[in-house]
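Notes for the structure review
Listed here are the chains, written in short residue letters.
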Amino acid sequence: MSYAFQAEGLVKSFKETRALDGVDLAARTGTVLGLLGPNGSGKTTTVRVLATLLRPDAGRALVGGLDVVRQAPAVRAQIGLTGQYAAVDEMLTGFENLLMIGRLLGLSRPDARKRAAELLERFALTEAGGRAAGTFSGGMRRRLDLAASLVGRPQVLFLDEPTTGLDPHSRNELWEIVRGLVGEGVTVLLTTQYLEEADQLADEIVVIDKGRVIAGGTPDALKAQVGGQVLELRPQRAEQLELVYGVVASLAGTGTEMTPNGLVSAPVRDVALMPAVVARLEQAGLVVSELSLRGSSLDEVFLTLTGHRTAVTDETEPGVDAGSEAATVKAGV
Amino acid sequence: MATATLTAPTAPAGRVGLLAGLQHTATLTWRNLVQIKHNPMELMDLSVQPIMFLLLFTYVFGGQMSGSTHAYLQFALAGIMVQNGLFATLTTAVGLNSDIQKGVFDRLRSLPIARSAPLAGRVAADLGKQVWSMLLMLGLGLALGFRPDGVAGVVGAVALMVVFALAMSWMMVLVGMVAENAEKVQMLGFVVMFPLTFSSSAFVSVSSMPGWLQAWVKVNPVTSLVDAMRALLVGGPVQGPVVHTLLWAAAIAVVFFPLALRAYQRRS
């Protein structure tokens, strides 16, 4: 089997903190590997090791068959990196940012200009291309950042929390772009805090916590392990809790539960469950004051896998943006 | 997961050649200079600040210090240029620090370019800005009645300032690497550069100062630099202060170049 990148037993400590404690992962060529974990779990550190920015204390990593430590310059020629915070030069225009990268990659001036114009076009930035990147919106900046990492047509792309802090529309745009790239044969390592994002984009997911891989597999396998969507209902009259439970249980089957705080919850195995429940409740004359369908959040994944909630600790690495917890988009409907 | 033992073929490490390295440095120098176009504040730093210092010192202090603004300008231009030039070395630290904080530095380091290019490009661009500011001050000085001793002296003075600024750059690279943020770097500018440049022969004759201060002023490298620049610009004993200044520059570079490189490589 051919891997675009792979890591074995990566260990990295910063002072007293062990950021990576033996991380193994691998991605087949032309696939997306989702690296899922909360803040401080070691996602960014993993990316920085694979992108040759950090030397691991132990373990090895290969990108395109090349060792990230011993053959770092050759690895750099194959990769694109888009950081957690948009690493574009705010004082250059969008065009100049891309021109600079092209020139650094050894393109002639005309070729670098052509490539920059091409990428601006592709990312719908042509109009804004003449403005300083500092004036761009968050979504535009991420697109420019991604464009900058694509100037050299990399075979492997590292996307470190590419949608953190983006509004849902910009996030969907970015997802489409990533799908397009994968369609062209690019292999992607995507780190994210959002189960939904990993579910949407990744062929395989690796879940890490405290620098260790705690689970891995396809999104479906992982969801089966931790549970998919959950339907929750609250009867308007508390004494009807058992009646409502009876209706839901007859449709949803095993796993339907009554919670002490007056909710009925049921695992959703079929998209037709919710309309069926609504129709049946209406027939029975039962009124619910609350009806919701929600996906498993990362928090629930962690609770299931580790028995503890996501530990909110800041990345200890220097230069990591502490503000990345902002705008958590819950996986939901 | 990756269960197969990882083996990398012994492909060439792909080191970057000297010519390509120079090309990378040139591109990053361009990048640091073209920023000015989109950042009027930086143009202020480079142009308005030197002009302002020159005008304020000449017209506010001139009459009191030397009896006439013209005589003071003749005396103080070297000092004003040195003060401005030393403050300007802080741009290296601020620029590098902001590149690190914003992630631009990581982007550059993830590219297959010469390791030295991000540093060299920054330092080269900042030296270019130094020369621009100095020419601006010399031009304005000339317009206001400053009369240098000769062209060779002016060229020598500019060159000496560039050499000294280059040595200082490595200290600033270190500061930029280890500082938490750009604001801290600016603070350093005020608490170190202000006393350092004022407690020198830059603006007044040393003999007017109290004895204990004179003792410090005489060993302050800024005094050597100012004396050398002044001698080159308007005449006086040149050799002693120039040699002193070059020795200081060499000493600063010998100490801070390795420290700066070590800090840089520790990030690699």
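Bear in mind the structure is a predicted one, so any value in this text is a computation, not a measurement.

Quick notes on the overall build of chain B
- Helices and strands together make up the secondary structure of chain B, namely eleven helices and zero strands.
- With the principal axes as the frame, chain B shows a C-alpha extent of 85 × 40 × 35 Å.
- When each of the 268 residues of chain B is scored for burial, the buried share is 50%.
- For chain B, the computed accessible surface area is about 12,100 Å², with 72% contributed by carbon and sulfur atoms.
- On chain B, the mean spot of the 16 positive side-chain charges and the mean spot of the 9 negative ones are 7 Å from each other.

What to know about the domain arrangement of chain A
- Split by domain assignment, chain A resolves into domain 1 (3–78 + 154–225) and domain 2 (229–294).
- Of note, the centres of domain 1 of chain A and domain 2 of chain A, computed from C-alpha atoms alone, are 39 Å apart.

Describing the side chain of Thr27 of chain B
- Within the fold, Thr27 of chain B resides in helix 1 (residues 18–38).
- In contact with Thr27 of chain B, other than residues within four places in its own chain, are Met100, Arg103 and Leu104 of chain A.

Quick look at the sheet that holds strand 2 (residues 17–28) of chain A
All names here are of chain A.
- Strand order in the open sheet formed by four strands is 2-1-4-5, and the pairing between neighbours is antiparallel. Only two strands of the sheet have a single partner each, and these edge strands are strand 2 and strand 5 (66–67).
- The pairing of strand 1 (residues 3–14) with strand 2 spans nine bridges and is antiparallel. Pairing of Phe14 across the sheet is with Thr17, part of strand 2.
- Against the sheet, helix 1 (residues 43–50) contacts strand 1, strand 2 and strand 4 (58–63), and its axis sits at roughly 60 degrees relative to strand 2.

Some points on the pattern of salt bridges
- Within this structure, the stated rule accounts for 25 salt bridges over all chains.
- As a salt-bridge pair, Arg212 of chain A and Asp21 of chain A come within 2.8 Å of each other at their nearest N and O atoms. Residue Arg212 of chain A is located in strand 10 (residues 212–217), and its partner Asp21 of chain A is located in strand 2; the two are separated by 191 residues in the primary sequence.
- Between Glu239 of chain A and Arg237 of chain A there is a salt bridge, and its shortest N-O distance comes to 3.2 Å.
- You can call Arg237 of chain A partly exposed: its relative accessible area is 48%.
- Each of Asp89 of chain A together with Arg31, Asp99 and Arg122 of chain B takes part in salt bridges that share partners, so that together they form one network.

Points about the side chain of Thr192 of chain A
Residue and element names in this part refer to chain A.
- Relative to the helices and strands, Thr192 resides in strand 8 (residues 187–192).
- There is a polar contact of 2.9 Å between the side chain of Thr192 and the backbone nitrogen of Tyr194.
- With near-sequence residues (within four places) excluded, Thr192 lies in contact with Leu35, Leu36, Gly37, Lys43, Glu161, Glu197 and Ala198.

Structural notes on the sheet that holds strand 13 (residues 264–267) of chain A
Residues and elements named next belong to chain A.
- Judged by pairing direction, the sheet is antiparallel, and its four strands sit side by side in the order 12-13-11-14 without closing on themselves. Taken across any chain shown, the strands that pair with only one partner, and hence form the sheet edges, are strand 12 (257–258) and strand 14 (288–294).
- Looking at chain direction, strand 12 and strand 13 are connected through two bridges and run antiparallel. Along strand 13, the bridge assignment pairs Met258 with Val264.
- Helix 9 (residues 241–252) contacts strand 11 (230–235), strand 12, strand 13 and strand 14 of the sheet and is inclined by roughly 5 degrees relative to strand 13.
- Packed on one face of the sheet, helix 10 (residues 273–283) meets strand 11, strand 13 and strand 14 and runs near 20 degrees to strand 11.

Analysis parameters
- Residues numbered from 1 in each chain as written.
- Chains lettered and ligands numbered in written order.
- Predicted model: local features only at pLDDT ≥ 70, side-chain atom pairs only at ≥ 80, totals over all residues.
- Heavy atoms only, no water.
- Helix = DSSP H or I, 4+ residues; strand = E, 2+ residues; numbered from the N terminus.
- Buried < 20%, exposed > 50% of the residue type's maximum accessible area, 1.4 Å probe, protein only.
- Areas by Shrake-Rupley, 256 points an atom, 1.4 Å probe, with all protein chains shown as cover.
- Lys, Arg positive; Asp, Glu negative; His and termini not counted.
- Charge placed at Lys NZ, Arg CZ, Asp CG, Glu CD.
- Domains from an automatic or database assignment.
- Contact = heavy atoms within 4.5 Å.
- Pairing = 2+ DSSP bridges.
- Axes fitted to C-alpha atoms, helices over the stretch in contact; angles between N-to-C directions.
- Salt bridge = Lys/Arg side-chain N within 4 Å of Asp/Glu carboxyl O.
- Polar contact = N/O pair within 3.5 Å; in protein donor to acceptor, adjacent residues only side chain to side chain.

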